[in-house]
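Examining the three-dimensional arrangement
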Amino acid sequence: MKALFAQNQLDTQRPLVTESVKRAVVSIARDSWEVYFSRLFPATGSVGTGVQILAVSHTGIKLLHMVKGSHEAGGPLRVLRTYSFADILFVTIPSQNMLEFNLASEKVILFSARAHQVKTLVDDFILELKKDSDYVVAVRNFLPEDPALLAFHKGDIIHLQPLEPPRMGYSAGCVVGKKVVYLEELRRRGPDFGWRFGTIHGRVGRFPSELVQPAAAPDFLQLPAEPGRGRAAAVAAAVASTAAAREVGRRREGPPVRAGSADRREDGLALPPYTMLEFAQKYFRDPQRRPQDGLRPKSKEGRESRTLEDMLCFTKTPLQDSLIELSDSSLNKMATDMFLAVMRFMGDASLKGQSELDVLCTLLKLCRDHEVMRDECYCQVVKQITDNTSTKQDSCQRGWRLLYIVAAYRSCSEVLQPHLVRFLQDVGRTPGLPFQGIAKACEQNLQRTLRFGGRLELPSSMELRAMLAGRSSKRQLFLLPGGLERHLKIKTCTVALDVVEEICAEMALTRPEAFDEYVIFVVTNRGQHVCPLSRRAYILDVASEMEQVDGGYTLWFRRVLWDQPLKFENELYVTMHYNQVLPDYLKGLFSSMPVGQPGEQQLQQVSKLAALQHRAKDHFYLPSTREAQEYIPAQLYRTVAAAAWLSLLGQHQQQMQALSPHQARAQFLELQQRRGARPLHPCGQPEWPLPQHRDPRPGAVSRGGRARGEPAQCP
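Fair warning: this is a prediction, and the values are worked out from it, not measured in the lab. Throughout this description, residue numbers start from 1 for each chain and increase along the sequence as written. The model is predicted, so local features are restricted to residues of pLDDT at least 70 and side-chain atom pairs to those at 80 or more, both for listing and for counting; the totals for chains, interfaces and linings are taken over all residues. Water and hydrogen atoms were dropped before computing side-chain values, which therefore reflect all heavy atoms in the structure.

Focus: the environment of Glu463
Numbered from the N terminus, helices here are DSSP runs of H or I no shorter than four residues, and strands are runs of E no shorter than two. Locating Glu463 in the fold gives a position in helix α14 (residues 461-468). Expressed as a C-alpha distance, the spacing of Glu463 and Ser473, which sit 10 residues apart in the sequence, is 8.9 Å. Two residues qualify as a contact provided that any one of their heavy atoms is within 4.5 Å of a heavy atom in the partner residue. Excluding residues that lie within four positions of it along the chain, Glu463 makes contacts with Tyr409, Arg455, Thr492 and Leu540. Counting of polar contacts relies on pairs of N or O atoms within 3.5 Å, with two restrictions inside protein: one atom must be capable of donating a hydrogen and the other of accepting it, and residues adjacent in sequence are counted only when both atoms are side-chain atoms. A distance of 2.6 Å separates the side chain of Glu463 from the side chain of Tyr409, its partner in a polar contact.

Looking at the packing of helix α8 (residues 329-346) against helix α9 (residues 356-369)
Between N-to-C directions, angles span 0 to 180 degrees; the directions come from axes that are lines fitted to C-alpha atoms, helices contributing only their stretch in contact. Close contact between α8 and α9 brings their axes to 9 Å; oriented N to C, the two are set at 145°. Along this stretch, α8 crosses α9, giving a crossing that reads as left-handed. Across the interface between the two elements, Met334, Met338, Ala341, Val342, Arg344 and Phe345 from α8 touch Glu356, Val359, Leu360, Leu363, Leu366 and Cys367 from α9. Three classes are used: nonpolar for Ala, Val, Leu, Ile, Met, Phe, Trp, Tyr, Cys and Pro, charged for Asp, Glu, Lys and Arg, and polar for all others, with Gly counted as polar. Here the contact of α8 with α9 is built from residues that sort into 10 nonpolar, no polar and two charged. A clockwise turn of the near helix away from the far one marks a right-handed crossing, whereas an anticlockwise turn of less than a right angle marks a left-handed crossing.

Observations concerning the pattern of salt bridges
In the sections that follow, a salt bridge refers to a side-chain nitrogen of Lys or Arg positioned within 4 Å of a carboxyl oxygen of Asp or Glu. Scanning the model with the defined rule gives 15 salt bridges in all. The partner of Asp123 in a salt bridge is Lys119, with the nearest N and O atoms 2.7 Å apart. Taken as a pair, Asp123 and Lys119 lie in helix α3 (residues 115-130) at a separation of four residues, close to a single helical turn. Of the charged contacts in the structure, one is a salt bridge between Arg448 and Asp498, with a shortest N-O distance of 2.1 Å.

Regarding the sheet that holds strand β4 (residues 77-84)
At least two DSSP bridges between two strands are needed for those strands to be called paired. Strand order in the open sheet made by the four strands is β1-β2-β3-β4, with antiparallel pairing throughout. The outermost strands of the open sheet, each flanked by one partner alone, are β1 (39-42) and β4. Adjacent strand axes in the sheet meet at a mean angle of 25°, parallel and antiparallel pairs treated alike. Bridge count between strand β2 (residues 53-56) and strand β3 (residues 60-66): four bridges; the pairing is antiparallel. The residue bridging Leu54 from the neighbouring strand is Leu63, located in β3. Lying over the sheet, α3 contacts β1, β2 and β3, oriented at roughly 30° with respect to β2.

What follows is the structure, encoded as structure tokens:
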């Protein structure tokens, strides 16, 4: 922008005189200033995301964080994540102030008081971009056996093509209401009798219309098709967009081919699909341009096969270039430094004053700060553990341990994924091969990292030391309502969903719809700040962040939805729900609470609930006046004399003697469920779910998921 002003001799004293200069200024500002042409909305994400502002512009949405005291160009707003409208399938508002962005491969949950304005604006942009678009996005997987049909996965972007014309002398059509309707007579982009025709990943074919929906033209179509970018373009682009990588690869590979045809080498020999060798042939540097370890077979055939295998075999000398062809010289230098770090960790190069912890931190930081280097890191480690001939006895074992750690923290691109997964499966499932156990563990880590996105925070030094010593888990305390404690084994890849499923299993809940009703909360500031965790949030990431903010943080397990009926067989289930519902009942936060003077039937119900509470404490004696007052909501207790309440309680006391405390709690819940009790919203409207209360003590959650004094960023 400064160069443009200087070129046209513009300043505050001289106005813009030509329309072309005005357009140039606006164009540069729009393309180079990330949030200048954006509408900003206050928004927050889950714990650990750091999202404070949501920006919506003509290109997509951006998640922003305010940087205090920043003097960097672009002001105090830092862009955390960017999503183009081509990535967004649709936007929903599951509950008040909650936004759910459904993307091709993930969901983004945000909370904003202006959720409806955001949804309207995003919907308008998406609707406009979908007009006249030749692209659709898959909403379900389609994996037919017929090679003439187009196979794809959910989230894939498909480029629509005109239907192939029928053979000479034939017409395409069908019979509709005893009348022949010809395909040529239908309007362009019509339903085509429920089938469409398109191309993806270099293949073409038909597919059902109901499996796709219109999509905006992907941004990667604007990428210049420079042949000089080389094969690494597909891998580099895959970090930001798998669809982009595949589109770049399709352009590079030439005209589309029929589904079912195999990839072939230039010499006509087919490589097995999805092997690391196939990946190396497609995306590694040309092995003929650089010797490896001085190996140069004399014959042409021997030289070609030898160098192809050498690309993925152990070497005792540092690399001079990256394995994956990277055009950027700075990235190439970074790749060689990374390989030297791999060798040092495996013991094949001198540490030179560093510890193995320092080397590991260097590798993880490189993968965190430069996503394009993650595939390079995986390939380098795989190379060093393949046909390892090191003089160090534990070199290969340490290489596998490094792969285990990297797979737990950083994901690879979806271009590398099938090749890397097959490599791990081949080692883990082939009888007689060493390192089968750790190969299976690496595959499990990688699959979870691909599913949940990988750790956001760098691991603490204590966590890394434990992993280097072979310990990959720790005990973490989770508080259930009523102060119930559960110490669960948390591994490197454990997310909030895993904790929910484990506690639910202990309560004899196994169905996915039951898991959806429970949430993990992180609580800080002595219970004054309560916020839910995303189901994809890594527990150790949250713990690491909270330890820096508030060492006295706690993690709570609570039920927040109540669609599924209550069960009364499992003792932990009953105790947990009893402890969560009881405080709300005593505070009068249920919709079944009578207004004004209660009737005789209501007095009997309330006194029975009080007697059940007394028996739930394993008491057999008649409650005192003070105990009776604790068992009855205050607004009801004041309507009847204390002696009358004691008399009513005495009528029910004899019936309670035969019950165990567990049975008393179960009957309390069952009676509340039969009464159709619902907690009340502060404004007086029924609000179900969230039977929670405003008690700042440990083990209590505020109504609506917020504690007293907490900002409205949590649902």
